[in-house]
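A closer look at the structure
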Amino acid sequence: MPSISKKGQLMPQSPIRKLVPFAEQAVKDGKSIYYLNIGQPDIKTPKTAIDAVKNSDIDVLAYSRSEGSETYRQKICKYYSKHYINVTHNDIVVTTGGSEALLFAFGSVMDVDDEIIIPEPFYANYNGFSIASGVKVVPVISKIEDNFALPPIEEFEKLITPKTKAILICNPGNPTGYLYSKEEIQKLAAIVKKYDLFLISDEVYREFVYDNHTHYSIMQENGLENHAIVVDSVSKRYSMCGARVGCLVSKNKTVIDTVLKFAQARLSPPTLAQIASEAALETPQSYFDDVVKEYVERRNTLVTELQKIEGIKVAKPKGAFYCIAELPIKNSDNFAKWLLENFDIDGKTIMVAPAAGFYSTPGVGLNQIRIAYVLKKESLIKAVNILKEALKVYKD
Ligand SMILES: Cc1ncc(COP(=O)(O)O)c(C=O)c1O
């Protein structure tokens, strides 16, 4: 048999999806599952977005421009201006989800063997995108004890080598729920300017910010025009994960011109989904106010219930809809499988994401899980109760 590429062999399985066969078996065995493993919100997609697709009068479902439809990009600029981000439609390339924006960013600013510094734990697919691009992830560890705050800036400086090309942050963070302060962004801005690096910020959870905090984007920071690249998406903002629309934003014209070449190679982002995404921009602020209120209640419920369990450590998220919990166990991979295969209360069990896959440092995060609070409060309470009872009987 012809051999598989080294890259292909190194490509990690998604820690979020790899337990799916175990979950399918559990369902076949008659169990029902509370899915805490995946960031698929149960919030309704705005009706305006769905209606725009239903009412679209299209004879030929054609390609769009590689950089995305101009009217859509112009409307995205208006959206950004409400968030104090001043860009023109020429600073934006529409992509097939934030995922493609990340791939294009990696491809445009890094060569094989270049290094990217990322505070870990981080969104697990950053590992996959790095391997696909031949890039080395250099992690800087943020700790549950510090609520996953930005590690001291000296820790970043220690890791910078001639191969370092970029720093990547996720703000607010998946899987930590951490929200970077303006001061933290300014520290990062100073370091990327000092060492002439790119600062890539994944801001797909921009709206999901709690407790009267405000989101400070790297695009708001003066003097970062040549360094800042923002990755964005409609997936979580409008509960439109299946639309597969995102975008990459940068004031650096060379970056945009390069990204556009990658975009041309894949021809165009999805046409129907751009129609939905453009209409979604009409969504009133009240939609987000309601969604944020709902997530705050869910977060509070989840954290309060988790804190009642002996031996659990949990960092209170300030944004997004995930939290990392440290459990009194040795290996959360085994525990997560065991929950699906061997444990239930009245036929119900839970599916969680083992957190080791959110780290690139081997052996770190083995006793942690990521919980997505994308379920209603009542379900979260029942799910945490299952976790509590499971921990009483589980043997590593
Ligand atoms: C932090 C983060 N970035 C990017 C993505 C990619 O999302 P999409 O490709 O659906 O826009 C996700 C999806 O969960 C995410 O959590």
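A short tour of the structure in this document, coming up. (Residues numbered from 1 in each chain as written. Predicted model: local features only at pLDDT ≥ 70, side-chain atom pairs only at ≥ 80, totals over all residues. Heavy atoms only, no water.)

1. Structural notes on the overall build of the protein
Of regular secondary structure, the protein possesses 13 helices and 13 strands. Computed over C-alpha atoms, the radius of gyration of the protein comes to 21 Å, within 12% of the 21 Å expected from 2.2 N^0.38 for 396 residues, which places it in the range of a compact globule. Counting only C-alpha atoms, the protein reaches 60 × 55 × 55 Å along its principal axes. With 396 residues in all, the protein has 56% of them scored as buried. For the protein, the exposed area adds up to about 17,700 Å²; of that, 52% sits on carbon and sulfur atoms. Of the side chains in the protein, 48 bear a positive and 47 a negative charge, and the two mean positions are spaced by 2 Å. (Helix = DSSP H or I, 4+ residues; strand = E, 2+ residues; numbered from the N terminus. Rg over C-alpha atoms; globule rule 2.2 N^0.38 Å. Buried < 20%, exposed > 50% of the residue type's maximum accessible area, 1.4 Å probe, protein only. Areas by Shrake-Rupley, 256 points an atom, 1.4 Å probe, with all protein chains shown as cover. Lys, Arg positive; Asp, Glu negative; His and termini not counted. Charge placed at Lys NZ, Arg CZ, Asp CG, Glu CD.)

2. Some thoughts on the site of the ligand
As a structural note, the neighbourhood of the ligand is formed by 13 residues, with Gly 98, Ser 99, Asp 202, Ser 233 and Ser 235 the closest of them. Ser 235 is positioned such that a nitrogen or oxygen atom in its side chain is 2.6 Å from an oxygen atom of the ligand. Between the ligand and Arg 244 there is a distance of 2.7 Å, counted from an oxygen atom to a side-chain nitrogen or oxygen. With the chains in place, 93% of the 390 Å² that the ligand exposes on its own is no longer accessible. A majority-of-atoms criterion places the ligand in the second largest pocket. By residue number, the principal contributor to the shell around the ligand is helix H5 (residues 97-109), which donates three residues. Of the residues in the shell around the ligand, the class split is four nonpolar, six polar and three charged. (Near = heavy atom within 4 Å. Polar contact = N/O pair within 3.5 Å; in protein donor to acceptor, adjacent residues only side chain to side chain. 1 Å grid on protein atoms, 1.4 Å probe; cavity = no way out; pocket = protein on both sides within 12 Å on 5 of 7 lines; lining within 4 Å. Sits in = over half its atoms within 2 Å of the grid points. Nonpolar A, V, L, I, M, F, W, Y, C, P; charged D, E, K, R; others polar.)

3. Quick look at the pattern of salt bridges
Per the counting criterion, the structure on display carries 23 salt bridges. Across the pair Arg 65 and Glu 70 runs a salt bridge, and its minimum N-O distance is 2.9 Å. When its relative accessible area of 41% is taken as the criterion, Arg 65 is described as partly exposed. On the basis of relative accessibility, which here comes to 31%, the residue Glu 70 falls in the partly exposed class. As a salt-bridge pair, Lys 75 and Glu 278 come within 2.9 Å of each other at their nearest N and O atoms. You can see Lys 75 sitting in helix H4 (residues 70-82) and its partner Glu 278 sitting in helix H10 (residues 271-280), a full 203 residues away along the chain. Each of the salt bridges in this network shares a partner with another, and the network as a whole consists of Glu 203, Arg 206, Glu 207, Asp 232 and Arg 237. (Salt bridge = Lys/Arg side-chain N within 4 Å of Asp/Glu carboxyl O.)

4. Topic: the sheet that holds strand S13 (residues 368-372)
Strand order in the open sheet made by the four strands is S9-S10-S13-S12, with antiparallel pairing throughout. Two strands bound the open sheet, and with one partner strand each, they are strand S9 (313-314) and strand S12 (353-354). Relative to strand S10 (residues 322-326), S9 runs antiparallel, the two sharing two bridges. Each bridged residue has a counterpart across the sheet, and for Lys 313 the counterpart in S10 is Glu 326. (Pairing = 2+ DSSP bridges.)

5. A few points about the nonpolar core
Most often, soluble globular proteins keep nonpolar side chains buried together rather than apart. Among the nonpolar cores identified, the biggest contains 137 residues, and Ile 116, Ile 167, Leu 306 and Phe 335 are the most heavily contacted of them. Considering each element in turn, this core owes the most residues, nine residues, to helix H11 (residues 285-307). Not counting residues up to four positions away in its chain, the partners in contact with Phe 335 are Leu 327, Ile 329, Leu 387, Ala 390, Leu 391 and Tyr 394. (Core = buried A, V, L, I, M, F, W, Y, C linked by side-chain atoms within 4.5 Å. Contact = heavy atoms within 4.5 Å.)

6. Details of the packing of aromatic side chains
Counted according to the given criterion, the structure contains 19 aromatic pairs. Seen from their ring centres, Phe 104 and Phe 262 are 6.0 Å apart, and the 35° between their planes marks the pair as tilted. Of this pair, Phe 104 sits in helix H5 while Phe 262 sits in helix H9 (residues 253-265), placing them 158 residues apart in sequence. Under the relative-accessibility criterion, Phe 104 is labelled buried at 7%. (Phe/Tyr/Trp six-rings, centres within 6.5 Å; stacked < 30°, edge-to-face > 60°.)

7. Brief notes about the pairing of strand S6 (residues 198-202)
The buried fraction of S6 amounts to five of the five residues, a majority that puts the element mostly inside the structure. Two strands pair when backbone bridges link them, and strand S5 (residues 164-170) and S6 are joined in this way by five bridges, in the parallel orientation. Paired with Ile 169 across the strands is Ser 201, a residue of S6. For the segment spanning S5, helix H8 (residues 182-195) and S6, crossover handedness is right-handed. (Right-handed = clockwise from strand over helix to strand, strands pointing away.)

8. Concerning the layout of surface pockets
Looking at the largest pocket, its volume works out to about 640 Å³. When contributions to the lining of the largest pocket are tallied by element, the ones reaching two or more residues are H4 and H11. Counting residues per element, the lining of the largest pocket draws most heavily on H11, which supplies five residues. A per-class count over the lining of the largest pocket returns 10 nonpolar, eight polar and five charged. Lining of the second largest pocket is provided by 25 residues; of these, Arg 17, Ser 99, Tyr 123, Asn 125 and Lys 236 occupy positions nearest its centre. Elements supplying a minimum of two residues to the lining of the second largest pocket: H5 and strand S7 (228-233). Take the lining of the second largest pocket: its biggest share by element is four residues, from H5. In terms of residue class, the lining of the second largest pocket is made up of 10 nonpolar, 10 polar and five charged. (Points joined across faces, edges and corners; volume = space filled by probe spheres on them.)

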